[in-house]
Every structure is written in C-alpha cells, then in structure tokens.
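# Close look at the chain arrangement
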Amino acid sequence: LNGALLNLSTAPAYVAFMQGMSFFRYGFEAMLSNELHNKVVMVEAPGVDPFPLSANLFLSLLGVDPTRVNSDIVVLACFGIFHCFLAAALLKRKIMRNVESTEDDSSSPSNSPDGEGGSSDSKSGFRRRWPSAAFLSIPSIVNTPKSQGAMRLQ
C-alpha cells in the first residue's frame, strides 16, 4: 500500500483510497524523489552491457512525482503531530481512569497489605500510587552478603 511494490498511479480503486492514509507512501515518495530526481543510474544486468538510465524514467514508472517532495514532508509532519496528540489524549484517558479508580479505593483505609498505600494528596483527596522499580523494568543494584564480596543485579 505504500507504493514500494505497487505503482501508485495504477493501483486498483479499492486500494487507492488507502494510499492517502499511509505515512509510508509519503516517506517512500519523498525519499525516492530526493535520492533519484535528475540523476543518471548505470544499469548493470547479466548478459547486457552496462548502460545509463535516467532515474526520472524509473520514478515515473513507479508513479512517483518528484515535485511533491515538499508536500510529502508537510504531510509526514502532520501525521507526526496527529499521532502526538493521539498519544497525549490516550495517556490522559488512562490517567483519568487511574485517578477515578484511586478515588474509589480511597474509601478503604489502605491500598496495600502492609498499610502503606502511598502518600495522600490533600488538595485532590486521592492517594498516589508510585510505581516500583520492577514496574518500570529498571534493574536495581543490591549489595550481596560480604561472603560473596560482589554486587549483583536483581
């Protein structure tokens, strides 16, 4: 769908609309146009003498328009901005769900078996749950007994 294996201009109708939604298409077109526009490529094939070929001919065979490089870059930037906003919205939604579930749990005296459920935020009235190092997948360095005389990762 990105045009690497399919000519963009001769794509079937049921695939053509999906090309506009693929950021790979814009990146592929911008990269090929940047690298091959107005270049001459030496083609070396078995059994044939090497011959020069205009890269613009190759681009036209793929359906790539070298004049659209700037618009491809703008579209790629828009994709990036859209995905940043989407990620921020999903992160906010997840945080709000955690806050709501924490507010529901605040009626109980403790969130953990040892009675230390986290610090209480007096302004908002909910308990914070701080992630542990295991949750973040960060190895912690722990001193081993002196008999082993070294440090180990847990």
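## Quick word on helix α3 (residues 55–62)
Those residues of α3 that sit buried are Ala55, Leu59 and Leu62. All buried residues of α3 project into a common sector of 60 degrees when viewed along the axis, lining one side. Where the residues of α3 are buried, they touch α2 (23–36), β1 (40–43) and β2 (51–54). Two residues or fewer past α3, Gly63 is found with a positive phi of approximately 80 degrees.

## Section: the pattern of salt bridges
Overall, the coordinates contain one salt bridge when judged by the stated rule. With a closest N to O distance of 2.4 Å, Glu29 and Arg68 form a salt bridge. A residue pair is termed long-range when its members are at least 10 positions apart, and Glu29 in helix α2 and Arg68 in the loop between α3 and α4 (69–105) qualify at 39 residues. Glu29 gets classed as buried once you look at its relative accessible area, which sits at 0%. Since its relative accessible area comes to 29%, Arg68 is described here as partly exposed.

## What about the environment of Met42?
Among the structural elements, Met42 can be located in strand β1. Counting along the chain gives twelve residues from Met42 to Ser54, while the straight-line C-alpha distance between them is 8.8 Å. Leaving out residues up to four positions away in the same chain, Met42 has contacts with Pro50, Phe51 and Pro52.

## Things to note about the nonpolar core
One finds Phe28, Leu32, Leu36, Ala55, Leu59, Leu62 and Val64 forming the largest nonpolar core, which totals seven residues. Sorting the residues of this core by element identifies α2 and α3 as the ones contributing at least two each. Those residues in contact with Leu59 that lie beyond four places of it in its chain are Leu32, Ser33, Leu36, His37, Val64 and Pro66.

## Details of α2
In this model α2 runs 20 Å from its N-terminal to its C-terminal C-alpha over 14 residues, within 8% of the 20 Å that 1.5 Å per residue would give. The set of residues buried in α2 consists of Arg25, Tyr26, Phe28, Glu29, Ala30, Leu32, Ser33 and Leu36. Downstream of α2 by one or two residues, Asn38 has phi in the positive range, about 60 degrees.

## Let's talk about the confidence of the model for the chain
With 62% of its residues at a pLDDT of at least 70, the chain reaches an overall mean of 75. Counting interchain partners and residues more than four positions distant, the pLDDT-below-50 stretch residues 115–119 has 13 contacts.

## Regarding unusual backbone geometry
Even without being glycine, Asn38 reaches a positive phi, approximately 60 degrees. Within the secondary structure layout, Asn38 lies in the loop between α2 and β1. Using a relative accessible area of 57% as the deciding quantity, one classes Asn38 as exposed.

## Section: the packing of α2 against α3
α3 packs onto α2 with a crossing angle of 165 degrees between their chain directions and a minimal axis gap of 10 Å. Considering their axes alone, α2 and α3 lie roughly antiparallel with respect to each other. Crossing angle aside, the handedness with which α2 passes α3 is left-handed. For the pair α2 and α3, contact is made by Leu32, Ser33 and Leu36 and by Ala55, Asn56, Phe58, Leu59 and Leu62, respectively. Along the lines of polarity and charge, the residues of the contact of α2 with α3 split into six nonpolar, two polar and no charged.

## Observations concerning the packing of aromatic side chains
In the structure shown here, the tally under the stated rule is three aromatic pairs. Residues Tyr26 and Phe79 carry aromatic rings whose centres are separated by 6.0 Å and whose planes lie at 45 degrees to one another, so their mutual orientation is tilted. Within this pair, whereas Tyr26 is found in helix α2, its partner Phe79 is found in helix α4, the two being separated by 53 residues in sequence. The exposure class of Tyr26 is buried, given its relative accessible area of 11%. Joined through ring pairs, the aromatic side chains of Phe23, Phe24, Tyr26 and Phe79 make up one cluster.

Cut-offs used in this document
Residue numbers restart at each chain and count upward from 1, following the sequence in its written direction. Totals for whole chains, interfaces and linings use every residue, but because this is a predicted model, local features are given only for residues with pLDDT of at least 70 and side-chain atom pairs only at 80 or more, for both listing and counting. Hydrogen atoms and water are omitted, and side-chain values are computed over all heavy atoms in the structure. Three exposure classes are used, based on accessible area relative to the maximum for each residue type with a 1.4 Å probe and protein chains only: buried under 20%, partly exposed in between, and exposed over 50%. Numbering of helices and strands runs from the N terminus; a helix is a DSSP stretch of H or I covering at least four residues, while a strand is a stretch of E covering at least two. The directions from the helix axis to the C-beta atoms form the arc being described. Contacts are assigned to residue pairs that have any heavy atoms within 4.5 Å of one another. Each salt bridge in this description consists of a side-chain nitrogen of Lys or Arg and a carboxyl oxygen of Asp or Glu lying within 4 Å of one another. For the purposes of this section, nonpolar cores are sets of buried Ala, Val, Leu, Ile, Met, Phe, Trp, Tyr and Cys residues that join through side-chain atoms within 4.5 Å. The span expected for a helix works out to 1.5 Å for each residue beyond the first. The predictor attaches a confidence to each residue, called pLDDT, with possible values from 0 through 100. Convention adopted: a line fitted to C-alpha atoms gives each axis, helices being fitted over their contacting stretch, and angles between N-to-C directions are expressed from 0 to 180 degrees. Small angles under 35 degrees read as roughly parallel and large ones over 145 as roughly antiparallel, with 65 to 115 read as roughly perpendicular and the rest as oblique. Each crossing gets its handedness from the near helix: less than a right angle anticlockwise from the far helix is left-handed, clockwise is right-handed. Throughout this entry, Asp, Glu, Lys and Arg are counted as charged residues, while Ala, Val, Leu, Ile, Met, Phe, Trp, Tyr, Cys and Pro are counted as nonpolar. The remaining residues, Gly among them, count as polar. Only Phe, Tyr and Trp rings are paired, with Trp represented by its six-membered ring, and only when their centres lie within 6.5 Å; those with planes under 30 degrees apart are stacked, over 60 edge-to-face, the remainder tilted.

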